[in-house]
Amino acid sequence: MEDTFLTAGQFAAMLQIDRHELDRADERGLFVPVKRENNGHRWYALSQVNAWLILQSLQKLGVSEPEIKTMMSAPNDFSGLLHQQQRLINKHSERLTALQEQVSELITANETAQRAVADQVTIVNRAPQDMLVTKPTADAASETALIEAHLQELTKHLDVPITTLIVGKIRPRSDVTDHSLDRLTGVYTPLIGGNAQLANETRSAGRFLILYHHADQPLEAGYQRLLDYADENHLALGEHFYESTVPTSLQTPLTECPVTRMLVPIRVRLQLNRTFS
């Protein structure tokens, strides 16, 4: 059966696309007509419809132009092209699932923070948390330099985009108990949804004290509340306190905001009772 040929305008109208899309694809060598007359008129074949639909699909999946040209350079290997497209769709689906997980976690964190009573300490159970941690160095000793170094490392290797970036601070227990908040052990970003391969530390599962501190009071007041609660309930505190902001708007700063979540691992402190005769 002979193929049917259409002008650029007819081909675009049939597919309900702007003719300029055809022009751009032709200029870039992504989708060219089967015939081109000396006066510039272009003719497309009806048999090119599937090639155009696959091109659009690949573009929507974010495939680069050089990759598209390579994939579509063997038009007779249609099965191979479909398999490549399937692999890309599967990867895209995995990324969407990972993004959905990120958003769900952020919704839960945001709504929990809104419901929480300010500076009320609660004991919670937490699953293991993969984190990217950046520790101070000679070149990144100040807090600002440390955060900049952390962001550079994070964004350099991201596989799945982060919907909302959280940069937390890790404080040594010794400094908190000495009422000194000038030093950081490091800064961290919890890795949720598809970026676990970037983790260089995993916070162990277990029981934690958690507190949502509001900025109308000094940060030290929140830490003091955690220390008092642990002492009153005979709880031994872990080596580090984890402090992170809870994003409440698009303008929420990375490290300073109206609500700060404080977290510290705990265990029951053994009480030794001795009887002397």
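Small disclaimer: the values here were computed from a predicted structure and weren't measured.

### Here's the deal with the pairing of strand S3 (residues 42-45)
Across three bridges, the pairing between strand S1 (residues 5-7) and S3 is antiparallel. Paired with Leu6 across the strands is Tyr44, a residue of S3. Note: strand S2 (residues 35-36) against S3, two bridges, orientation antiparallel. The partner of Lys35 across the bridge, within S3, is Trp43.

### Some thoughts on the pattern of salt bridges
Inspection of the entire model under this criterion finds ten salt bridges. Asp26 serves as the salt-bridge partner of Arg42, at 3.4 Å between the closest nitrogen and oxygen. Here Asp26 lies in helix H2 (residues 19-27) and Arg42 lies in strand S3, a separation of 16 residues in the sequence. Comparing Arg42 with Asp26, the two get one shared label, buried. We note a salt bridge from Arg171 to Glu243, for which the minimum N-O separation is 2.7 Å. Of this pair, Arg171 sits in strand S6 (residues 168-172) while Glu243 is found in strand S11 (residues 240-245), placing the two residues 72 residues apart along the sequence. Taken individually, Arg171 and Glu243 each receive the classification buried, so the pair is uniform in this respect. When salt bridges that share partners are traced, they join Asp23, Asp26, Arg36 and Arg42 into one network.

### Section: the packing of aromatic side chains
For the coordinates displayed, the defined rule picks out six aromatic pairs. Ring geometry for Phe31 and Trp52: centres 5.1 Å apart, planes at 70°, overall edge-to-face. Placement of the pair is Phe31 in the loop between H2 and S2 and Trp52 in helix H3 (residues 49-60), with a sequence separation of 21 residues. Each member of the pair Phe31 and Trp52 is classed as buried. Each ring, one from Tyr223 and one from Phe241, has its centre 5.5 Å from the other, and the planes form 70°; the classification is edge-to-face. Within this pair, whereas Tyr223 is found in helix H8 (residues 219-232), its partner Phe241 is found in strand S11, the two being separated by 18 residues in sequence. Of the two residues examined, Tyr223 and Phe241, each falls in the buried class.

### Quick look at the nonpolar core
Residues Phe11, Leu22, Phe31, Trp52 and Leu55 are the most contacted members of the largest nonpolar core, which totals 19 residues. Put simply, the parts of the chain that give this core at least two residues each are helix H1 (8-15), H2, H3 and helix H4 (65-71). Top element by residues in this core is H3. It accounts for five residues. Not counting residues within four places of it along the chain, the set of residues in contact with Leu22 comprises Ala8, Phe11, Ala12, Ile17, Phe31, Arg42, Tyr44 and Trp52. Within the second largest apolar cluster, 16 residues are counted, among which are Ala230, Leu235, Leu237 and Ile266.

Reading the values: rules and limits
Residues numbered from 1 in each chain as written. Predicted model: local features only at pLDDT ≥ 70, side-chain atom pairs only at ≥ 80, totals over all residues. Heavy atoms only, no water. Pairing = 2+ DSSP bridges. Helix = DSSP H or I, 4+ residues; strand = E, 2+ residues; numbered from the N terminus. Salt bridge = Lys/Arg side-chain N within 4 Å of Asp/Glu carboxyl O. Buried < 20%, exposed > 50% of the residue type's maximum accessible area, 1.4 Å probe, protein only. Phe/Tyr/Trp six-rings, centres within 6.5 Å; stacked < 30°, edge-to-face > 60°. Core = buried A, V, L, I, M, F, W, Y, C linked by side-chain atoms within 4.5 Å. Contact = heavy atoms within 4.5 Å.

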